[in-house]
Amino acid sequence: MTISYNWLCDYLPAGETGLPERIEPEKLSKILTSIGLEVESLKKYESIKGGLEGVVIGEVLEAVQHPNADKLKLTKVNIGSAEPLRIVCGAPNVAAGKKVAVATVGTTLYPLNGEPLTMKTAKIRGEESQGMICAEDELGIGESHAGIMVLPDDIKVGLPASEYFKPYTDWIYEIGLTPNRMDAMSHLGVARDVSAYLSHHEKKNLRAKTPYTNNFKPDNNNLPIKVIVENTAACHRYSGVSIAKVTVKESPQWLKNRLVAIGQRPVNNIVDITNYILHETGQPLHAFDADKIKGRQVQVKSLPEGSPFTAL
């Protein structure tokens, strides 16, 4: 079972009297193992490896031809320090006035393709270079290497690139669950177990925070879809709700971040929210296109062996 630290913390009773706002990841790992949810690994997750540490927003003040190389330019870049940096750049689109991402000396970059690269002051064709003006792939945030990444004009010079791009970071637990621990096959389930541990050790009645108010009511019945459960022994309950005026589109970034961190591939807002609910509550969920449900019925039954079945 894969559990996100950030996600789990949303449901823990942290911040209450005597409790920190967040339990440290390592301490939480020990708590999980002590209550029978053995942590097999704890790894840091970064949507952009290295978190863009050492990369700052700069403005190209000057870009002139390198005296010893036709395809290189000598630039002066303001990053908010006392003196502008002198950087040799081979990108065809580098020009004065452009806002750019600059990897300063000492910064380690993790390109999408290739080995990590640590910036050093270097001589390039006889001219000193104090860092690098970066392309998307060099920063690890995109595939493009056609030229340097040009940023909007209104970005503040000297701003850490991490504050602009806001890379997502998390800690990921791999928990070895035994088949009898269905209660812990979700973030809310694990939060309840941790809350029970905290209640016992803190001598307080602490409960996991639930994101649901349980006061849902349908506002109309204009799109009835009948649910028929034929095999009630294998399926005790199957329920659904019809939702109208839905637009299928890309999920918001926060949702994609959480899914990717636990190894899920974002598809669209409809598919993604069903996967989110599954990993949040442990409840399997599926979304159907109402226009493609024949007879406006969902039938739950067992099929004879050998029956043809078209899956996703």
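That block above? That's the structure.
Residues numbered from 1 in each chain as written. Predicted model: local features only at pLDDT ≥ 70, side-chain atom pairs only at ≥ 80, totals over all residues. Heavy atoms only, no water.

Asks: Please explain the state of the cysteines as it appears in this structure.
Replies: Here a disulfide denotes one covalent bond, and it connects the sulfur atoms of two cysteines. Taken as a whole and judged by the stated rule, the model has zero disulfides. The thiol of Cys89 is not disulfide-bonded; the next cysteine sulfur, from Cys134, is found 9.4 Å away. (Disulfide = S-S within 2.5 Å.)

Asks: Looking at this structure, how should I read the packing of aromatic side chains?
Replies: Each aromatic ring pair is described using two quantities: the centre-to-centre distance and the angle formed by the ring planes. In this structure the tally under the stated criterion is four aromatic pairs. Look at Trp254 and Tyr276: their rings are 5.6 Å apart centre to centre, the planes differ by 90 degrees, and that puts the pair in the edge-to-face class. With Trp254 in helix 6 (residues 253–261) and Tyr276 in helix 7 (residues 269–281), the pair connects residues that are 22 residues apart, well separated along the chain. By way of ring pairs, the aromatic residues Trp7, Trp254 and Tyr276 are connected into one cluster. (Phe/Tyr/Trp six-rings, centres within 6.5 Å; stacked < 30°, edge-to-face > 60°. Helix = DSSP H or I, 4+ residues; strand = E, 2+ residues; numbered from the N terminus.)

Asks: Quick question: what am I supposed to make of the packing of helix 6 against helix 7 here?
Replies: In contact at an axis separation of 10 Å, helix 6 and helix 7 are set at 55 degrees when each is read in the N-to-C sense. Viewed along their axes, helix 6 and helix 7 adopt a mutual orientation that is oblique. By crossing handedness, the relation of helix 6 to helix 7 is classed as left-handed. Only Asp272, Ile273, Asn275 and Tyr276 of helix 7 make contact with helix 6, whose side of the interface consists of Trp254, Leu255, Arg258 and Leu259. Partitioning the contact of helix 6 with helix 7 into residue classes produces five nonpolar, one polar and two charged. (Axes fitted to C-alpha atoms, helices over the stretch in contact; angles between N-to-C directions. Parallel < 35°, antiparallel > 145°, perpendicular 65-115°, else oblique. Left-handed = near helix turned anticlockwise from the far one by under 90°. Contact = heavy atoms within 4.5 Å. Nonpolar A, V, L, I, M, F, W, Y, C, P; charged D, E, K, R; others polar.)

Asks: Help me out: how do you make sense of the side chain of Thr107 in this one?
Replies: Relative to the assigned elements, Thr107 resides in the loop between strand 6 (99–103) and strand 7 (108–109). Its relative accessible area of 3% is what places Thr107 among the buried residues. From its side chain, Thr107 meets the backbone oxygen of Gly54 in a polar contact 2.9 Å long. Contacts of Thr107, omitting those with residues within four sequence positions, involve Glu53, Gly54, Val55, Leu117, Thr118 and Met119. (Buried < 20%, exposed > 50% of the residue type's maximum accessible area, 1.4 Å probe, protein only. Polar contact = N/O pair within 3.5 Å; in protein donor to acceptor, adjacent residues only side chain to side chain.)

Asks: Just to check I follow, could you spell out a nonpolar patch on the surface for this structure?
Replies: Taken together, the side chains of Phe216, Val241, Ile243, Val246 and Val248 define a hydrophobic patch exposed on the protein surface, amounting to about 540 Å² of accessible area. For Ile243, the position within the fold is in the loop between strand 14 (226–229) and helix 6. (Patch = residues over 30% accessible without salt bridge, like charges linked within 9 Å, V, L, I, M, F, W, Y side chains within 5 Å. Areas by Shrake-Rupley, 256 points an atom, 1.4 Å probe, with all protein chains shown as cover. Salt bridge = Lys/Arg side-chain N within 4 Å of Asp/Glu carboxyl O.)

Asks: In this structure, what is going on with the sheet that holds strand 1 (residues 2–4)? I would like to understand it.
Replies: What holds strands together in a sheet is hydrogen bonding between their backbones, with the strands either parallel or antiparallel. Strand order in the open sheet formed by three strands is 1-13-2, with antiparallel pairing between adjacent strands. In this open sheet, the two strands that pair with only one neighbour each are strand 1 and strand 2 (38–46). Averaged over neighbouring strand pairs, the angle between their axes works out to 25 degrees when direction is ignored. Pairing between strand 2 and strand 13 (residues 169–176): eight bridges, direction antiparallel. Bridge assignment links Tyr45 to a residue of strand 13, and that residue is Asp170. Helix 2 (residues 25–34) contacts strand 2 and strand 13 of the sheet and is inclined by roughly 155 degrees relative to strand 2. (Pairing = 2+ DSSP bridges.)

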